[in-house]
Amino acid sequence: MSWGTELWDQFDNLDKHTQWGIDFLERYAKFVKERLDIEQNYAKQLRNLVKKYCPKRSKDEEPRFTSCLSFYSILNELNDYAGQREVVAEEMAHKVYGELMRYSQDLKAERKHHLQEGRKAQQYLDHCWKQMDNSKRKFERECREAEKSQVTYERLDNDINATKSEVEKAKAQFYLRTHMADESKNEYAAQLQNFNAEQWKHFNNAIPNIFKKLQDMDERRTVKIGETYRSFAEAERKVIPIISKCLEGMVSAAKAVDERRDSAIVVESFKSGFEPPGDFPFEDYSQNLNRTGSDATISNTPKGDRERDGAPGPRPDPKHAMSRTKNKLWLFGKKPKVPSLEDFSHLPPEQRRKKLQQRIDELSKELQKEMDQRDALNKMKDVYEKNPQMGDPNSLQPKISETICNMEKLRSEIHKNETWLSEVEGKQSSRGDRRHSADNHHHTPQGRESPEGSYTDDTSQEHHTPRHRTGPPQPGQPHHDPHEFDDEFDDDDPLPVIGHCKALYSFDGQNEGTLVMAEDEVLYIIEEDKGDGWTRARKQSGEEGYVPTSYIDITLEKSSKGSSGRCSCRSVCCGRRHVQPPGGAA
């Protein structure tokens with residue numbers, strides 16, 4: 001249906017309608033703008049949320065629990081989801097909002113042009129009507145004047161008193177007015193014919209063509225709005241597959257949570273390498289009481305029979321037994337606080353090994369960077385030497401020297417930490433082997449366990465430099481240094497005696513570094529148990545070595561308890577702490 005044939009007389013209403021169509025298009029464009037602003041703000045808030053909950057520590061320091069890793073995966077997927085919301089906003093901004101605003105400007109210009117053409121056509125028709133109307137009025141006026149002159153001529157012609165000249169003059173005036181009326185008539189007829197023709201062309205050609213153009217413009221506007229509706233939906237639908245993948249990734253992250261693996265990580269992260277403390281020994285305070293006949297019978301039972309019957313053998317002095325175990329049971333109590341040391345000797349063995357290995361890795365990376373920098377500087381120096389115009393090679397020498405100095409320092413640090421690491425690993429392996437060897441060759445009485453591996457709360461033993469004493473090597477282990485124990489036992493000055501002990505059980509000391517002892521033999525104590533279950537002792541003949549702490553009853557000298565000092569040996573490898581000899585002599 002054409003506007004030109006049906007709405008030929010509705011120019012003003014079509015003017016208002018086309019203006020409403022453009023206003024509606026711009027209103028929809030404003031709606032799209034607000035929608036894409038919402039998408040952009042939503043994406044921004046999602047990214048800020050992800051940033052807020054992302055770990056601020058390095059990946060090496062983050063816990064590796066599956067629940068944590070899955071949460072970080074969900075954060076990554078949510079970050080990708082936020083990116084898709086940004087894509088939606090960009091699509092709406094370019095293909096919908098931007099397109100609508102450009103099209104709106106074109107429509108305004110086109111509408112203005114068509115309306116100007118309609119107004120010009122209307123103005124021309126009005127001009128033709130005015131010309132026709134003027135000619136009509138002139139024709140009417142000339143006819144009235146001709147009629148008046150005719151009446152005057154007829155009156156004078158019938159008047160006998162009128163002169164001939166007056167009659168001739170009235171007759172001439174009559175003929176003149178009649179001629180002018182005829183000319184006005186012809187002009188009016190021509191103007192009328194021209195107006196009718198222009199009016200027909202105006203309402204049958206000009207106005208229909210203009211209205212047709214306005215109709216095409218309005219229909220194109222309607223089609224454009226429909227296309228942008230589709231683009232508005234397509235912007236959202238295009239990202240649905242990727243959003244679905246993000247959600248699937250979140251579901252996969254949820255399925256990746258493994259409680260058993262997390263428990264294993266907890267064990268690996270916090271295990272100390274120590275063994276649980278042994279049973280508390282029975283403290284028999286009735287030994288000094290007068291025995292009755294039945295008691296005497298029991299006391300006169302041979303020692304071997306008592307052991308076969310399951311009766312406990314002689315026990316060490318309770319005050320010493322209690323002193324060795326009273327601070328070991330911190331399972332539900334508060335673990336003693338110790339300051340951090342450079343060699344991490346304040347940590348349990350397993351944690352100390354991890355920290356040392358981590359430090360060695362970091363130092364190795366720094367060393368590699370320094371080596372790369374040295375190589376780069378040397379190459380640059382060679383270039384300067386071959387091309388002096390590029391620079392002075394001597395200007396690089398201070399930087400090269402500094403780099404080499406840094407490399408030496410890093411190598412020294414790596415060597416020092418590797419020494420501590422080998423010490424920890426050696427102690428851990430030798431501790432297990434010693435206990436295994438002792439269990440194989442000597443049957444510890446029932447209810448008695450070697451306290452090797454138990455934790456000691458004696459902070460005076462852990463606030464100083466690391467001890468370089470290692471346990472005696474075990475069979476099957478590589479023997480790294482044939483003089484490994486020379487620094488331990490061949491010191492220029494013997495270690496001071498800090499107490500004595502009595503052997504509760506015999507020990508054959510088959511492993512290197514151990515000391516053979518017979519049951520009830522009295523030995524001198526020269527070094528206390530450092531937490532690995534072995535005590536260093538010396539025979540009266542001067543022979544020194546390690547014996548199981550659980551096999552002896554120790555009595556320390558009062559003057560040596562709690563005292564501390566440096567070892568009196570002058571060996572360069574000795575970094576041990578030893579108690580001061582009685583009297584404070586070095």
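- The protein chain carries the name Formin binding protein 1-like in an unreviewed UniProt entry, which gives Mastacembelus armatus as its organism.
- In the Sequence similarities (unreviewed entry) part of its UniProt record, the protein chain is described as follows: "Belongs to the FNBP1 family."

Description of the nonpolar core
Inference 1: With 34 residues, the main nonpolar core has Val-32, Met-92, Leu-100 and Phe-211 as its most contacted residues.
Inference 2: Those elements that provide at least two residues to this core are helix H2 (11–53), helix H3 (66–158), helix H4 (164–237) and helix H5 (240–255).
Inference 3: A total of 13 residues in this core trace back to one element, the largest contributor, which is H3.
Inference 4: Counting 18 residues, the second-largest nonpolar core is a separate cluster that includes Met-517, Ile-525, Ala-537 and Leu-556.

Things to note about helix H6 (residues 259–270)
Inference 1: With 12 residues, H6 should cover 16 Å at 1.5 Å per step; its first-to-last C-alpha distance of 17 Å lies within 8% of that length.
Inference 2: Capping the start of H6, Asp-258 holds a side-chain oxygen 3.1 Å from the backbone nitrogen of Arg-260, two or three residues further along.

Looking at a nonpolar patch on the surface
Inference 1: On the surface, Leu-49, Tyr-53 and Phe-71 cluster together into a nonpolar patch covering about 280 Å² of accessible area.
Inference 2: By the secondary structure assignment, Phe-71 is in helix H3.

Remarks on H3
It helps to recall that an α-helix has 3.6 residues per turn; residues three or four apart then point in one direction.
Inference 1: Taking 1.5 Å as the rise per residue, H3 with 93 residues should run 138 Å; its terminal C-alpha atoms sit 135 Å apart, in good agreement.
Inference 2: Along its length, H3 reaches its greatest deviation from straightness, about 35 degrees, at Ala-93.

Details of the pattern of salt bridges
Pairs can form between side chains of opposite charge once their charged atoms are near each other.
Inference 1: Using the criterion set out here, one finds 32 salt bridges in the structure.
Inference 2: Note that Arg-85 is salt-bridged to Glu-39, the shortest N-O span being 2.9 Å. Of this pair, Arg-85 sits in helix H3 while Glu-39 sits in helix H2, and the two are 46 residues apart along the sequence. Neither Arg-85 nor Glu-39 differs from the other in exposure class; each is buried.
Inference 3: Two residues, Glu-408 and Arg-411, come together in a salt bridge whose shortest N-O distance is 3.3 Å. In this pair, Glu-408 and Arg-411 both sit in helix H11 (residues 397–441), three residues apart, roughly one turn of the helix.

Details of the sheet that holds strand E1 (residues 499–503)
Inference 1: Read across the open sheet, the five strands follow the order E4-E3-E2-E1-E5; overall the sheet is antiparallel. Two strands bound the open sheet, and with one partner strand each, they are strand E4 (544–548) and strand E5 (552–556). Each strand of the sheet is rotated relative to its neighbour by a mean of 40 degrees, with strand direction disregarded.
Inference 2: Alignment of strand E3 (residues 534–538) against E4, held across five bridges, turns out to be antiparallel. Across the sheet, the residue bridging to Thr-535 is Val-547, located in E4.

Here's the deal with the packing of H2 against H4
Inference 1: The contact between H2 and H4 brings their axes to 11 Å, and the two run at 15 degrees. In terms of axis orientation, H2 runs roughly parallel to H4. In this structure, the crossing between H2 and H4 has a hand that is left-handed.
Inference 2: Each residue belonging to the contact of H2 with H4 can be placed in one class, and the counts come to 15 nonpolar, four polar and five charged.

Some words on the pairing of E3
Inference 1: In terms of residue burial, E3 counts as a mostly covered element, since five of its five residues are buried.
Inference 2: The sheet contact formed by strand E2 (residues 522–527) and E3 spans three bridges and is antiparallel. Opposite Tyr-524, over in E3, you have Arg-538 as the bridge partner.
Inference 3: Counting the residues between successive antiparallel strands, the hairpin from E2 to E3 contains six residues, one of them, Gly-531, with a positive phi of roughly 105 degrees.
Inference 4: Between E3 and E4, which pair antiparallel one after the other, the connecting turn spans five residues, and Gly-542 there sits at a positive phi close to 105 degrees.

Quick word on the packing of aromatic side chains
Inference 1: According to the stated counting rule, one finds 12 aromatic pairs in the structure shown.
Inference 2: Their ring planes at 50 degrees and their centres at 6.1 Å tell us that Phe-71 and Tyr-72 sit as a pair that is tilted.
Inference 3: Under the relative-accessibility criterion, Phe-71 is labelled partly exposed at 37%.
Inference 4: Take Tyr-72: its relative accessible area is 19%, and that puts it in the buried class.
Inference 5: On the basis of an interplanar angle of 65 degrees and a centroid distance of 6.1 Å, the ring pair of Phe-507 and Trp-534 is categorised as edge-to-face. Note that Phe-507 is positioned in the loop between E1 and E2 and Trp-534 in strand E3, a separation of 27 residues in sequence.

Thresholds applied
Residues numbered from 1 in each chain as written. Predicted model: local features only at pLDDT ≥ 70, side-chain atom pairs only at ≥ 80, totals over all residues. Heavy atoms only, no water. UniProt positions renumbered as here; feature names shortened; annotations may be inferred. Core = buried A, V, L, I, M, F, W, Y, C linked by side-chain atoms within 4.5 Å. Buried < 20%, exposed > 50% of the residue type's maximum accessible area, 1.4 Å probe, protein only. Helix = DSSP H or I, 4+ residues; strand = E, 2+ residues; numbered from the N terminus. Expected span 1.5 Å × (residues − 1). Polar contact = N/O pair within 3.5 Å; in protein donor to acceptor, adjacent residues only side chain to side chain. Patch = residues over 30% accessible without salt bridge, like charges linked within 9 Å, V, L, I, M, F, W, Y side chains within 5 Å. Areas by Shrake-Rupley, 256 points an atom, 1.4 Å probe, with all protein chains shown as cover. Salt bridge = Lys/Arg side-chain N within 4 Å of Asp/Glu carboxyl O. Bend = angle between axes of the 7 residues up to and from the residue. Pairing = 2+ DSSP bridges. Axes fitted to C-alpha atoms, helices over the stretch in contact; angles between N-to-C directions. Parallel < 35°, antiparallel > 145°, perpendicular 65-115°, else oblique. Left-handed = near helix turned anticlockwise from the far one by under 90°. Nonpolar A, V, L, I, M, F, W, Y, C, P; charged D, E, K, R; others polar. Phe/Tyr/Trp six-rings, centres within 6.5 Å; stacked < 30°, edge-to-face > 60°.

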